[in-house]
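Here is how the chains run, residue by residue.
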Amino acid sequence: MTIPATHPAPTPETAPASPPDAAPTVRFGDLRGYLDALEALGDLKRVQRTVSADLEAAAISRLSSERRSPAPLFERVADVAPGFRLLGAPAALSAAPGKPLARVALSVGLPASATAAELVEHLARTRGAAPVPPRTVAREDAPCKQNVLLGDDATLDRFPVPRVHEFDGGRYPNTWGIIVARTPDGRWTNWSIARIMMIDGKHMTGLVVPAQHIGMIWQEWVRIGEPMPYALVQGGDPAVPFVGGIPLPPGVDEAGYIGALYGEPVDVVACETVDLEVPAGAEIVIEGHLSVGRDAREGPFGEFAGYASTETSMQPVYTVEAITHRDDPIWPLVAEGRPVDEFHTVTGVGQAAEVLAELRAAGLPVTTAWSPLRAAAHWMVVTVPHDWRDRLPGVDSAEFTHRIGTVLSESHSGRATAATFVLDDDIDPADDTDLLWALATRIHPLDRSEAWYGFVHPLLNCYTPQERAAQSGPIVFHDGLLPAPGANRLRHSSFAQAYPEGIRRRVLDHWDD
């Protein structure tokens, strides 16, 4: 929505939205061009002192996210060859004044000043666009092939693999890279993010959840009794990890979605040892196979809900068979935890875009959707236009909320959050001041809600241990819609709505007197 000029000044995180059909204006072919753009915004800090990959780099990154400081680029890392670098907080909230979502916006082709509403609209619109398949380039034209390590030379011990939290089960090579995997019949190639822990220089293990895309593809390889070829990609075009974190429907190729996002194909190059293609501008690519059994213990790891975990599980093993990398490679790092960090800015925004696209596809009048960043991806807010009753004759707010629940209770994105709040669009759901006021004053403490039972995300901290183990429980839809106009409809007791236009204009004209 567009906030009226007389609305109280928005918080920095929620600058007024411009028209939702704003066209993409920015494209980066690799991580380095993106970092140049952040530096031009004053949103990149080059850390010149020597920093350890063992907790110290992650601690700086964590504090950077919590304080909304420029993204730290660690240019001297202990115990690795000169030139090997780490990047913290690659898509956290920005330190650029008035542009809090700059890192997210620049990652998907929008200007740094883009708002929450523009981001969600852009992603939802791309969901309905025709995919643009990737373009294969020659090996000599792919920066990720500048260095090729095979056999014993292909070891993670060469790299600054970070330990992220003190209580983690080990060092985590993957917190912001994509896993490239393909079904045995070749019909679906998936790019997705899942955490991966280092066992030793030649082996890793990581979460392979059956309900997630990496788990779906792995199970197909298990059924034929063959290890799954994979490629783990670090760095490259910033849209790659962003889209890897969006919950697109099964069967959708992320490479084609990114092409549609930009209106031009992504450049990819063939791997060295497996039949997969990877983004040509990647910083580091690790190749190998994933075992058919759950052969190693993974975890614990501090996840997006913001709490220290004590849980471990048996997971498949990634063998490392080849590594290619650019000169002076940059390894991105996300110090995941309490909001706001990359899980919340990327997965939350992506889930909101999917929710918006699904509700509109069902013919429901919806203004926008938003996953409140500080709610750690546990909540979703759906706002609806003032004339929704005219568009749905004879439907009351309870039925409207029920219809929203009917759609989202059957969708992956809808079931990925525990609570969805349906509100009028007189509030901006990305403005925490607006949202907290609306939730406190429009959501009944007991009534006007409906629970839908079924799959729930096992990492949502609000569920009981039993529900999380079973991955089954309720998601709840709350009807927070106001009465119809003329039926005790409430106006805001605010500067915007409690005073006539002439008085407001006079006050504003003389505000600095």
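Residues numbered from 1 in each chain as written. Predicted model: local features only at pLDDT ≥ 70, side-chain atom pairs only at ≥ 80, totals over all residues. Heavy atoms only, no water.

### Some points on the overall build of the chain
Right, on to step 1. Looking only at helices and strands, one finds 14 helices and 23 strands in the chain.
Right, on to step 2. The globule rule puts the C-alpha radius of gyration for 513 residues at 24 Å, and the 23 Å found for the chain is close to it.
Right, on to step 3. Projected onto its principal axes, the C-alpha positions of the chain cover 75 × 55 × 40 Å.
Right, on to step 4. The buried share of the chain, reckoned over its 513 residues, is 58%. (Helix = DSSP H or I, 4+ residues; strand = E, 2+ residues; numbered from the N terminus. Rg over C-alpha atoms; globule rule 2.2 N^0.38 Å. Buried < 20%, exposed > 50% of the residue type's maximum accessible area, 1.4 Å probe, protein only.)

### Details of the nonpolar core
Right, on to step 1. Ranked by size, the top nonpolar core spans 80 residues in total, and within it Leu123, Trp191, Phe400 and Ile404 carry the most contacts.
Right, on to step 2. Those residues in contact with Ile404 that sit more than four places away from it in its chain are Leu359, Leu364, Val382, Val422 and Phe477.
Right, on to step 3. Counting residues in each nonpolar core, the second largest holds 43 residues, with Val51, Met197, Trp221 and Tyr230 among its members. (Core = buried A, V, L, I, M, F, W, Y, C linked by side-chain atoms within 4.5 Å. Contact = heavy atoms within 4.5 Å.)

### Here we look at the confidence of the model for the chain
Regions with low pLDDT carry predicted coordinates that are not meant to be interpreted in detail.
Right, on to step 1. Overall, the predicted model of the chain reaches an average pLDDT of 92, with 94% of residues at or above 70.
Right, on to step 2. In this model residues 1-23 is a low-confidence stretch, pLDDT under 50, and it forms 48 contacts with partners more than four residues away in sequence or in other chains. (pLDDT = per-residue confidence, 0-100.)

### Quick word on the sheet that holds strand β22 (residues 449-455)
Right, on to step 1. One open sheet accounts for five strands, arranged β19-β20-β21-β23-β22; its pairing is mixed. With partners counted over all chains shown, the strands left at the sheet margins are β19 (368-370) and β22, one partner each. The sheet shows a mean angle of 20 degrees between the axes of neighbouring strands, taken without regard to direction.
Right, on to step 2. Sheet analysis places strand β20 (residues 379-384) next to strand β21 (residues 419-424), joined by six bridges and oriented parallel. Bridging from a neighbouring strand, Val382 pairs with Val422 of β21.
Right, on to step 3. Those strands touched by helix α10 (residues 397-408) are β20, β21, β22 and β23 (472-479), and its axis lies near 145 degrees from that of β23. (Pairing = 2+ DSSP bridges. Axes fitted to C-alpha atoms, helices over the stretch in contact; angles between N-to-C directions.)

### Quick notes on the side chain of Lys145
Right, on to step 1. Here Lys145 lies in the loop between β4 (135-136) and β5 (147-150).
Right, on to step 2. Within the local environment of Lys145, its side chain forms a polar contact with the side chain of Glu272, the two groups lying 2.8 Å apart.
Right, on to step 3. When sequence neighbours within four positions are dropped, the list of residues in contact with Lys145 reads Arg139, Val269, Ala270, Cys271, Glu272, Glu287 and Thr324. (Polar contact = N/O pair within 3.5 Å; in protein donor to acceptor, adjacent residues only side chain to side chain.)

### Comments concerning helix α4 (residues 116-127)
Right, on to step 1. Given a rise of 1.5 Å per residue, twelve residues ought to cover 16 Å, and the 17 Å separating the end C-alpha atoms of α4 matches this to within 8%.
Right, on to step 2. Buried residues dominate α4, accounting for ten of its twelve residues.
Right, on to step 3. On the buried face of α4, the contacting elements are α3 (102-107), α6 (239-244), α7 (254-262), α8 (342-361) and β19. (Expected span 1.5 Å × (residues − 1).)

### Looking at the packing of aromatic side chains
Right, on to step 1. With the rule as written, the count across this model stands at nine aromatic pairs.
Right, on to step 2. Look at Phe84 and Phe159: their rings are 5.3 Å apart centre to centre, the planes differ by 40 degrees, and that puts the pair in the tilted class. Within this pair, whereas Phe84 is found in the loop between β2 (71-74) and β3 (85-88), its partner Phe159 is found in the loop between β5 and β6 (178-182), the two being separated by 75 residues in sequence.
Right, on to step 3. Phe159 gets classed as buried once you look at its relative accessible area, which sits at 3%.
Right, on to step 4. Measuring from centroid to centroid gives 4.5 Å for Tyr172 and Phe301, while their planes differ by 40 degrees, and the two rings are tilted. Of this pair, Tyr172 sits in the loop between β5 and β6 while Phe301 sits in the loop between β14 (296-298) and β15 (313-315), and the two are 129 residues apart along the sequence. Considered together, Tyr172 and Phe301 belong to a single accessibility category, that of buried residues.
Right, on to step 5. The rings of Phe84, Phe159 and Trp331 are connected pair by pair, giving a single aromatic cluster. (Phe/Tyr/Trp six-rings, centres within 6.5 Å; stacked < 30°, edge-to-face > 60°.)

### A word on the packing of α4 against α8
Right, on to step 1. For the pair α4 and α8, interaxial distance at closest approach is 8 Å and the crossing angle is 55 degrees. In terms of their interaxial angle, α4 and α8 are classed as oblique. α4 and α8 meet at a crossing whose hand is right-handed. Residues Leu119, Val120, Glu121, Leu123, Ala124 and Arg127 of α4 touch α8, and the partners they reach there are Val349, Ala352, Ala353, Glu354, Leu356, Ala357, Glu358 and Arg360. (Parallel < 35°, antiparallel > 145°, perpendicular 65-115°, else oblique. Left-handed = near helix turned anticlockwise from the far one by under 90°.)

### Points about the pairing of strand β18 (residues 330-333)
Right, on to step 1. Of the two faces of β18, the one lined by Ile330 and Pro332 and the one lined by Trp331 and Leu333 are each fully buried.
Right, on to step 2. Here β3 pairs with β18 via four bridges, running parallel. Paired with Gly88 across the bridge in β18 is Leu333.

### Looking at the sheet that holds strand β1 (residues 44-47)
Right, on to step 1. Read across the open sheet, the four strands follow the order β1-β2-β3-β18; overall the sheet is mixed. If you trace the sheet from one side to the other, it starts and ends with β1 and β18, each paired once. Neighbouring strand axes in the sheet, compared pairwise and without regard to direction, differ in orientation by 20 degrees on average.
Right, on to step 2. In this sheet, β2 lies alongside β1 in parallel orientation, the contact comprising four bridges. Residue pairing across strands places Leu44 opposite Ala71, the latter belonging to β2.
Right, on to step 3. Seen against the sheet, helix α2 (residues 56-67) touches β2, β3 and β18 and runs at an angle of roughly 160 degrees to β2.

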